Amino acid sequence: MTPFPLPLGQLLGHWQSYIVYMVIGFAFGYVLEISGFGKSTKLAAQFYFKEMTVLKVMFGAIVVAMVSIFLATGLGLLDYNLIWVNPTYLWPGIVGGLIMGVGFIIGGFCPGTSLVSAATGKVDGMFFVLGVFFGIFLFGESVGSFEAFWNSSYMGRFTLMDLFNAETGVIVVGVTVMALMAFFFSELAEKYIGKRDIAQFGRWRFGAAGAAVVVAVVVLFIGQPTNADRWQAMATEQQARLDDRSVYVHPGEVLTLKADPKLTIQLLDIRGETDYNQFHILDALHVPAENILAYAPVMNAAPENTVFFIVSNDETAATEAWKILVAESVPNVYILEGGINNWLATFSEPEFQTTYRLDSVADEILAYGFPAALGSRYPAADPNPDVFNLEYVSKVVLQIKRGPSSGGCG
Amino acid sequence: MTTMNPGMMREGMSAAQRETAGNVQAKPYINPYLGGILLGIVLFLAFLLTGNGLGASGGLNRLLVVVEDMIAPGHVDKVPYLIDMAGGDKNPLDNWVVFMTIGTIAGGFWGGWRNGRLKIETNKGANISNSTRWIMAFVGGTAMGFGARMARGCTSGQALSGGAVLSVGSWAFMFAVFAGAYGLAYFVRRLWL
């Protein structure tokens, strides 16, 4: 298991864990202040090419954080699947960004810097903060009228690696080089438009730029852990859960939990399309085994009370899918014990059993010859929990999500 | 006066002197590249320790909702957007970003205090009055607050944090912010130049 990010809530307790955030916020505010971000004129100068501090600090921070993050994930210290990557809502993001750009040049701050400015006694910063409150208020009151747009062009956890279909390391090197070029042109602007002496920034900056490139190339060279690597790192502890069968859940428990209003139960049917069309459990989502890895980010983004059950005809295929998902740090994944064949044996009527049960089929083959592909319209797809008096050992234990559930602006 | 550092200034001076201490030349801001590196380290530590990046506007949002909930609790329970934060018995302050926001204010104050930059003043372009600057700050802040909610994040929560972990939406957002600001800069140059 990767040690980071820390399960703060478990380590410190719910409210106590917020102290960590307060300390980080303190460092954030302090660095903004000493970089000059509390002063509106310094921020606005960026947009007249006179002083490029905003760009330098922002891109500098992005590069430093990016290479550190992906070095840490590459070395297996930090789990990329457990860190918050802002989901992409493309057009609301772009329109919101344009509005913010307008606000930036008119008002002279962004929300974070205005807090620092107000905290250091700048009156314009205080008015800006009041404006931010008013703008947030207006949004809350009016969002109902454009909710469809606000929720449009949703692309989920969509990264530059997905967009360019490239290795993480390639993107990291690319962003680093792009940032350095931006610094170069910024200094040209400062020299010729701002008439500033760029030697004041110190020769050490060339060394720092070189170091950033070196670390980026190291990130490229070591690569990111594959699903197999991730499984390998946790194999001993997770294989034990398979061996003692603590992740194979009795159909009766699945049925009971489906009726529990406090939980969100998601069954994932990983079989081929034919089998799925023949018969599947009501509300089971069809995610073929070959797509399960690509589906993991969606599962990681699911609400905290979600429990997943992997369903195949027997257990072999479901177990393989389970390993893939567990390796991707998906919490609360279980396997339907005995798969669909066992489910049908448990919940279908005796006549159905004698009529349609096939003799001696191979592993992971549907053991029933259905008269028609009725999907979830067979009675056994939606059994009544009150009718079946089943005895089983409860195995599902809701695990607290380690990853963050909302971003910095939620 | 100008050679004395603010720490020395504070010790052993009279109340009257302290009044004027704001006029003492403040320490210069740090090298922007050093600022970038320090901010990057803070951002990395945030992700490493908590899995979350940085944020600010979300904290302001929740503080605002507390006030709304006090004034008009019935109203909060009717607007879907607000219910998520404060509907029923939900506590809008029960979120990490609130505490990060409090920390940010304290950290900014500390930075200003330690470096002799705590001063009641208005920073503005030379050609406008204080009151014009204040009105513009309020108007700009309103656009900022509205846009930040629309984009689901501000400069810190979207551009900085999402940018570092390579989210496509965050990069698109970041370019949009710069495009919006550069696009309008020429027309409002009187505010700053």
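Just above sits the structure.
Overview of the structure. (Residues numbered from 1 in each chain as written. Chains lettered and ligands numbered in written order. Predicted model: local features only at pLDDT ≥ 70, side-chain atom pairs only at ≥ 80, totals over all residues. Heavy atoms only, no water.)

1. Description of the overall build of chain B
Item 1. When helices and strands are tallied, chain B shows ten helices and zero strands.
Item 2. Helices and strands in chain B line up, N terminus first, as α-α-α-α-α-α-α-α-α-α.
Item 3. Burial analysis of chain B (193 residues in total) assigns 55% to the buried set.
Item 4. Contacts spanning at least 24 positions in sequence make up 51% of the contacts within chain B whose residues lie at least 6 apart.
Item 5. Roughly 8000 Å² of accessible area belongs to chain B as shown, and the carbon and sulfur atoms make up 65% of that amount. (Helix = DSSP H or I, 4+ residues; strand = E, 2+ residues; numbered from the N terminus. Buried < 20%, exposed > 50% of the residue type's maximum accessible area, 1.4 Å probe, protein only. Contact = heavy atoms within 4.5 Å. Areas by Shrake-Rupley, 256 points an atom, 1.4 Å probe, with all protein chains shown as cover.)

2. Here we look at helix α6 (residues 111-119) of chain A
Item 1. With eight of its nine residues buried, α6(A) lies for the most part within the structure.
Item 2. Among the residues of α6(A), those classed as buried are Pro111(A), Gly112(A), Thr113(A), Ser114(A), Leu115(A), Val116(A), Ser117(A) and Ala119(A).

3. Things to note about the packing of aromatic side chains
All names here are of chain A.
Item 1. Following the criterion strictly, the structure yields 40 aromatic pairs over all chains and no others.
Item 2. Ring geometry for Tyr89 versus Tyr154: centroids 4.7 Å apart, planes at 45 degrees, classification tilted. Of this pair, Tyr89 sits in strand β1 (residues 88-89) while Tyr154 is found in strand β2 (residues 154-156), placing the two residues 65 residues apart along the sequence.
Item 3. Members of the aromatic cluster, joined through ring pairs, are Phe279, Phe352, Tyr356, Tyr368, Phe370 and Tyr378.
Item 4. Stacked on the ring of Phe201, the Lys or Arg Lys56 has its end atom at 3.4 Å from the ring centre. (Phe/Tyr/Trp six-rings, centres within 6.5 Å; stacked < 30°, edge-to-face > 60°. Lys NZ or Arg CZ within 6 Å of the ring centre and 35° of its normal.)

4. Here's the deal with the nonpolar core
Item 1. With 95 residues, the main nonpolar core has Ile69(A), Phe70(A), Ile105(A), Leu39(B), Leu54(B), Leu160(B) and Leu166(B) as its most contacted residues.
Item 2. Counting residues per element, this core draws most heavily on helix α4 (residues 53-74) of chain A, at 14 residues.
Item 3. Not counting residues within four places of it along the chain, the set of residues in contact with Leu166(B) comprises Met66(A), Phe70(A), Phe158(A), Thr159(A), Leu160(A), Met161(A), Ile171(A), Val172(A), Val175(A) and Trp171(B). (Core = buried A, V, L, I, M, F, W, Y, C linked by side-chain atoms within 4.5 Å.)

5. Things to note about unusual backbone geometry
Residues and elements named next belong to chain A.
Item 1. In the segment running from Phe4 into Pro5, the intervening peptide bond is cis, with an omega of 0 degrees.
Item 2. As for its placement among the helices and strands, Pro5 is situated in the segment before α1 (8-12).
Item 3. Phi is positive for Asn332, which is not a glycine, with a value near 55 degrees.
Item 4. Here Asn332 is to be found in the loop between α16 (316-327) and β7 (333-336).
Item 5. Among the residues examined, Asn332 registers a relative accessible area of 4% and is labelled buried.
Item 6. One non-glycine residue, Glu364, lies in the positive phi region at around 65 degrees.
Item 7. With respect to the helices, strands and loops of the structure, Glu364 is situated in the segment after α18 (350-356).

6. A short note on the layout of surface pockets
All names here are of chain A.
Item 1. In this structure, the second largest pocket spans a volume of roughly 950 Å³.
Item 2. Taken together, 34 residues make up the lining of the second largest pocket; nearest its centre are Tyr80, Asn81, Gln224, Pro225 and Glu328.
Item 3. At the level of elements, α4, α9 (160-164), α10 (168-192), α12 (227-243) and α15 (292-300) are the ones that each hand at least two residues to the lining of the second largest pocket.
Item 4. Of the domains in this structure, domain 1 (8-227) and domain 2 (234-381) are the two that each give at least three residues to the lining of the second largest pocket. (1 Å grid on protein atoms, 1.4 Å probe; cavity = no way out; pocket = protein on both sides within 12 Å on 5 of 7 lines; lining within 4 Å. Points joined across faces, edges and corners; volume = space filled by probe spheres on them. Domains from an automatic or database assignment.)

7. A look at the packing of helix α9 (residues 155-164) of chain B against helix α10 (residues 168-185) of chain B
All names here are of chain B.
Item 1. Contact geometry of α9 with α10 gives a least axis separation of 8 Å together with a crossing angle of 125 degrees. By the angle between their directions, the pair α9 and α10 is classed as oblique. Handedness of the α9/α10 crossing: left-handed. Together, Thr155, Gln158, Ala159, Gly162 and Gly163 of α9 and Gly169, Ser170, Trp171, Phe173 and Met174 of α10 make up the contact between the two elements.
Item 2. The residue inventory of the contact of α9 with α10, partitioned by class, reads four nonpolar, six polar and no charged. (Axes fitted to C-alpha atoms, helices over the stretch in contact; angles between N-to-C directions. Parallel < 35°, antiparallel > 145°, perpendicular 65-115°, else oblique. Left-handed = near helix turned anticlockwise from the far one by under 90°. Nonpolar A, V, L, I, M, F, W, Y, C, P; charged D, E, K, R; others polar.)

8. Topic: the interface of chain A and chain B
Item 1. Facing 132 residues of chain A, the contacting portion of chain B comprises 125 residues.
Item 2. At the boundary of chain A with chain B, the tally comes to three salt bridges.
Item 3. Of the charged contacts in the structure, one is a salt bridge between Lys122(A) and Glu121(B), with a shortest N-O distance of 3.4 Å.
Item 4. Joining chain A to chain B, the criterion identifies 39 residue pairs in polar contact (both at pLDDT 80 or more).
Item 5. Split by residue class, the side of chain A that touches chain B holds 87 nonpolar, 35 polar and ten charged. (Salt bridge = Lys/Arg side-chain N within 4 Å of Asp/Glu carboxyl O. Polar contact = N/O pair within 3.5 Å; in protein donor to acceptor, adjacent residues only side chain to side chain.)

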